Amino acid sequence: MRAVVFREHSPDLDVYDVVDDVPTPEIGPDDVLIKVHYSALNRLDDWVRRGWPGLNLRLPHIPGSDFAGEIAAVGERVHGWEAGQLVTGNPTLFCGQCLYCLQGNQHLCDDFRIVGEHEPGACAEYLKLPARNLIAIPEGVDLKLVAAGNLVGVTAWRNLMVDGGLRPNETVLIVGAGGGVNMTAIQLGKLVGARVWVVASNAWKAQKALELGADWVIDRSQEPNWARAVWKKSNRRGVDVVVDNVGQATWGSSLRALGKHGRLLTVGGTTGYRAEVPVNLIFARQQRIIGSTMGNMEDARNAFELIFSGKITPVIDSVWPLEGYVDAMKKMLAGEHFGKLVIAV
Ligand SMILES: [Zn+2]
């Protein structure tokens, strides 16, 4: 089958290749084989290609955690699914048997893995997936939107709505506007009835955030001390929730913008992990720091239901063929995108 692969870990993008001779995955009795129509790029794909000690991938590796397509074949123990059905699913892979899985906390599984990270991904004609991860796509839903909202939808729902517990009338500050998780968080915040403030890196992204529904946007290229601006705007109370997946470069400012009993939420750190944390603020303002990664099946179903019903519309920057994978990755890493870079397989 055709697929994007990389043959070795590297910071360089020239290790990617599009090839025709990757063996089609062999499914087990509890798996389905999905004919992929669309995948999409995530920051995770860049980290995985670079690699880290202990990752131990089988190389060559196929990237891609997002997927929407149709069932091509089902394993012998799979019931309730058949070839031809349009499907997506939770890219969080889990054993189904450990203590966490039995509690329904599949995102904490002892054998936690992610499609496209620890296992071959979806930038390929076919993807193998355990049937317990499947979610059916209703008639008439655009499969591009489903792929665009997949990993980021599950992640943002878990982080903002479940672990972060965002409530109506709270004020949430989202640091960064162009990435998929943050764009989903803007829409979720408005849906739940919160005030949504955004820190954008330039005027173009600030305008885009307003179009997505943000109530107030700060362009940090014009206002480097955005924490002080937030403090003033909130009548010197600070915000209730900050979503900060930028990490090292912004956590100090985020905690200064956060009010008493506020929650700092994170699912990643694109600028690095060694943030300076003002400990005095954390105890004096009685703040909480809450991290999460991916989500369980309930999170996935909740996130997809909002996409299927049109209550959330994933933002697509552009659609690329498999051959355009490297150019799409370059655009993402340069930060020149607003929305998801979708791959049409
Ligand atoms: Zn488990």
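Anything mentioned here points back to the structure above.
Here we summarise the structure given alongside this text. Since this is a predicted model, take the numbers as computed values, not measurements.

### Structural notes on the sheet that holds strand 12 (residues 216-219)
What the six strands build is an open sheet, ordered 12-11-10-13-14-15; its pairing is parallel. This sheet does not close on itself; its edge strands, each paired only once, are strand 12 and strand 15 (288-291). Averaged over all pairs of adjacent strands, the angle between strand axes in this sheet comes to 20°, irrespective of strand direction. Looking at chain direction, strand 10 (residues 171-175) and strand 13 (residues 239-244) are connected through four bridges and run parallel. Pairing of L173 across the sheet is with V242, part of strand 13. Each of strand 11 (195-200) and strand 12 touches helix 6 (residues 203-212); the most contacted strand, strand 12, lies at about 170° to it. Sheet strands touched by helix 7 (residues 226-233): strand 10, strand 11, strand 12, strand 13 and strand 14 (258-266). Its angle to strand 12, the strand with the most contacts, is close to 155°.

### A closer look at the coordination of the zinc ion
Looking at the zinc ion, the protein donor atoms are C95 (SG), C98 (SG), C101 (SG) and C109 (SG), and they sit 2.3 to 2.4 Å from it. Taken together, the four donor atoms coordinating the zinc ion and their angles of 104 to 115° define a geometry best described as tetrahedral. Donor residues for the zinc ion, ordered by position in the chain, follow C-x2-C-x2-C-x7-C.

### Some details on the pairing of strand 17 (residues 340-344)
Summarising burial for strand 17: four of the five residues are buried, a large majority. Summarising the sheet, strand 3 (residues 31-40) and strand 17 pair through three bridges and their orientation is antiparallel. Bridging across to strand 17, Y38 finds its partner in A344. Relative to strand 17, strand 16 (residues 316-321) runs parallel, the two being bridged by five bridges. Its bridge partner being in strand 17, W320 is matched across the sheet by I343. With respect to chirality, the unit in which strand 16 leads through helix 11 (residues 325-333) into the neighbouring parallel strand 17 is right-handed.

Cut-offs used in this document
Residues numbered from 1 in each chain as written. Predicted model: local features only at pLDDT ≥ 70, side-chain atom pairs only at ≥ 80, totals over all residues. Heavy atoms only, no water. Pairing = 2+ DSSP bridges. Helix = DSSP H or I, 4+ residues; strand = E, 2+ residues; numbered from the N terminus. Axes fitted to C-alpha atoms, helices over the stretch in contact; angles between N-to-C directions. Contact = heavy atoms within 4.5 Å. Donors = N, O, S within 2.8 Å, 3.2 Å for Na, K, Ca; no water. Tetrahedral: all angles 85-135°; square planar, octahedral: opposite > 155°, others 65-115°. Buried < 20%, exposed > 50% of the residue type's maximum accessible area, 1.4 Å probe, protein only. Right-handed = clockwise from strand over helix to strand, strands pointing away.

By themselves, these figures tell us nothing about what the structure is for.
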